[in-house]
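Structural features, examined
In case you want the letters, here they are:
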Protein chains: 2
Amino acid sequence: MATPHEPKQDRSRATRQRLLEATIDCLAETGWAAATVSVVAERAGVSRGAAQHHFPTREDLITGALEYMFDTRMDQSTAEAAAISGVAEGEGRTRAVVSGLVESYTSPLFKAALQVWTHAAADPALRERIVPLEARFGRIAHRRAVEALGVDDSNPVNHHLVQATLDLARGLGLADVLTDDSARRKLIVDQWASTLHAALDNPS
Amino acid sequence: MATPHEPKQDRSRATRQRLLEATIDCLAETGWAAATVSVVAERAGVSRGAAQHHFPTREDLITGALEYMFDTRMDQSTAEAAAISGVAEGEGRTRAVVSGLVESYTSPLFKAALQVWTHAAADPALRERIVPLEARFGRIAHRRAVEALGVDDSNPVNHHLVQATLDLARGLGLADVLTDDSARRKLIVDQWASTLHAALDNPS
């Protein structure tokens with residue numbers, strides 16, 4: 001939060017971040033159509049003029065939020081990888097990796113991203129901005145999962161099972177959008193972790 | 001298609017069906033916001049007056065399309081189950097089941113449903129209409145997969161692996177929304193079919 005003693009540049013950065021976080025919350029809770037500069041500004045407690053200084057158009061705001069979502073997902077993925085490296089090797093480690101991945105797909109961040117992806121399905125300009133970010137995120141998420149599982153990704157069995165785990169996580173994320181699916185999801189994660197651990201070639 | 005000799009009731013039913021199919025195509029290709037009664041009427045080659053006779057409001061049109069999507073997904077699932085029953089038992093049967101399920105989640109029907117689900121995330125009234133339909137569809141899809149795989153669903157390993165397969169299919173469907181993911185998807189389906197077949201208890 002900004003304070004009177006904060007340098008101007010820091011205050012500006014903090015305002016920008018508040019606007020981006022409010023955009024993500026708006027997208028996740030009220031959907032694509034409602035996430036406009038004025039609604040987001042009000043939610044962030046920022047004047048409309050200040051919001052428009054940072055993001056002159058709605059397109060600028062959505063693009064900014066996309067990049068911020070990408071950076072935040074990366075930071076979360078780094079934090080998660082660090083937490084998992086402390087889990088003892090064996091099936092418990094595999095379960096921690098699967099569970100962490102799946103939970104990251106049920107966050108408000110995923111729900112906000114889903115609004116943008118779904119809108120982008122019919123908006124080629126937006127799609128063009130998203131696709132490279134998603135491809136990069138997918139590669140990094142894959143590499144981190146491989147490292148956390150301690151498997152050799154050049155083995156196609158391992159490579160495709162890690163990919164399948166990321167796809168499962170995405171599907172479980174989508175299943176959580178309309179109802180709280182957490183109880184069912186926990187059982188699926190447990191079974192998947194056990195099946196995955198047995199099927200991977202030489203996991204740690 | 002209606003012909004001059006067709007009874008009035010059949011023509012009316014055909015018009016309704018054309019409107020519902022156009023709604024699904026509009027949702028899948030141009031997204032939620034563009035699927036209005038007038039756009040759909042034009043796409044279906046139906047006068048705006050006739051369209052409004054069938055669907056006075058946009059809400060009526062979307063609700064009608066939801067039920068039609070549900071019925072169509074059920075019909076496709078029945079046809080698929082019949083096709084799979086002809087595949088020899090063993091891993092090939094498991095692969096046919098997984099592949100059929102996954103492909104059903106990459107159809108225009110899934111892409112249209114995704115637009116409705118995503119919009120419903122921030123629209124409680126729409127969500128209330130969708131959730132029971134989805135729950136019913138989920139139960140039927142699960143039961144058909146269990147029958148096609150020839151497994152005992154009272155075994156929790158089988159039950160959760162079939163659920164996971166449906167969740168994986170949903171995730172692969174979402175991965176296909178912004179780019180053509182078919183080449184990658186084929187490899188994942190092949191690997192998962194093989195892992196699933198080995199992990200199921202006593203598949204046919």
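It should be emphasised that the depicted structure is a prediction, and the values quoted were computed from it without experimental measurement.

What follows concerns the relation of the copies chain A and chain B. Overlay of chain A on chain B (RMSD 0.0 Å): rotation 180°, translation along the axis 0.0 Å. Expressed as a symmetry operation, the mapping of one chain copy onto the other fits a two-fold axis. Relative to the rotation axis, the C-alpha of Gly171 of chain A is the closest in chain A, positioned 1.7 Å from it. The overlap is high: 100% of the interface residues of chain A also sit at the interface in chain B, so the same surface is used on both sides.

For the rest of this paragraph, the subject is the UniProt feature "domain: HTH tetR-type" (unreviewed entry) in chain A. Mapped onto this structure's residue numbering, the UniProt feature "domain: HTH tetR-type" (unreviewed entry) falls at residues 13-73 of chain A. Spanning residues 13-73 of chain A, this segment combines 80% helix with 0% strand, and its end C-alpha atoms are found 19 Å apart.

How two aromatic rings sit relative to each other is given by the distance of their centres and the angle of their planes. Taken as a whole, this structure holds seven aromatic pairs over all chains when the rule is applied. Seen from their ring centres, Phe110 of chain A and Trp117 of chain A are 5.7 Å apart, and the 75° between their planes marks the pair as edge-to-face. Residue classification places Phe110 of chain A among the buried residues on the basis of a relative accessible area of 4%. Chaining the aromatic ring pairs together yields one cluster made of Tyr105, Phe110 and Trp117 of chain A. One cation-aromatic arrangement involves Arg58 of chain A over Trp32 of chain A; the distance from NZ or CZ to the ring centre is 4.7 Å. Directly above the aromatic system of Phe137 of chain B lies the positively charged group of Arg73 of chain B, at a separation of 3.7 Å from the ring centroid.

This next bit is on the UniProt feature "DNA-binding region" (unreviewed entry) in chain A. Within the UniProt annotation, "DNA-binding region" (unreviewed entry) is assigned to residues 36-55 of chain A. In this annotation, residues 36-55 of chain A is assigned 75% helix and 0% strand; the end-to-end C-alpha distance for the span is 11 Å.

As a further point, take the interface of chain A and chain B. Contact with chain A, which involves 36 residues of that partner, is made by 36 residues of chain B. Summed over both sides, the interface of chain A with chain B buries roughly 3,100 Å², with 72% coming from carbon and sulfur. Linking chain A with chain B are two salt bridges, by the criterion used here. Taking the shortest distance from any N to any O, the salt bridge between Arg184 of chain A and Asp167 of chain B comes out at 2.8 Å. Seen at the junction of chain A and chain B, the total is nine residue pairs in polar contact (both at pLDDT 80 or more). Elements supplying a minimum of two residues to the side of chain A that touches chain B: helix 1 (8-30), helix 6 (108-120), helix 7 (124-149), helix 8 (156-175) and helix 9 (182-199) of chain A.

About the criteria used
- Residues numbered from 1 in each chain as written.
- Chains lettered and ligands numbered in written order.
- Predicted model: local features only at pLDDT ≥ 70, side-chain atom pairs only at ≥ 80, totals over all residues.
- Heavy atoms only, no water.
- Least-squares fit on C-alpha atoms with pLDDT ≥ 70 in both.
- Contact = heavy atoms within 4.5 Å.
- UniProt positions renumbered as here; feature names shortened; annotations may be inferred.
- Helix = DSSP H or I, 4+ residues; strand = E, 2+ residues; numbered from the N terminus.
- Phe/Tyr/Trp six-rings, centres within 6.5 Å; stacked < 30°, edge-to-face > 60°.
- Buried < 20%, exposed > 50% of the residue type's maximum accessible area, 1.4 Å probe, protein only.
- Lys NZ or Arg CZ within 6 Å of the ring centre and 35° of its normal.
- Buried area = accessible area lost by both parts, 1.4 Å probe.
- Salt bridge = Lys/Arg side-chain N within 4 Å of Asp/Glu carboxyl O.
- Polar contact = N/O pair within 3.5 Å; in protein donor to acceptor, adjacent residues only side chain to side chain.

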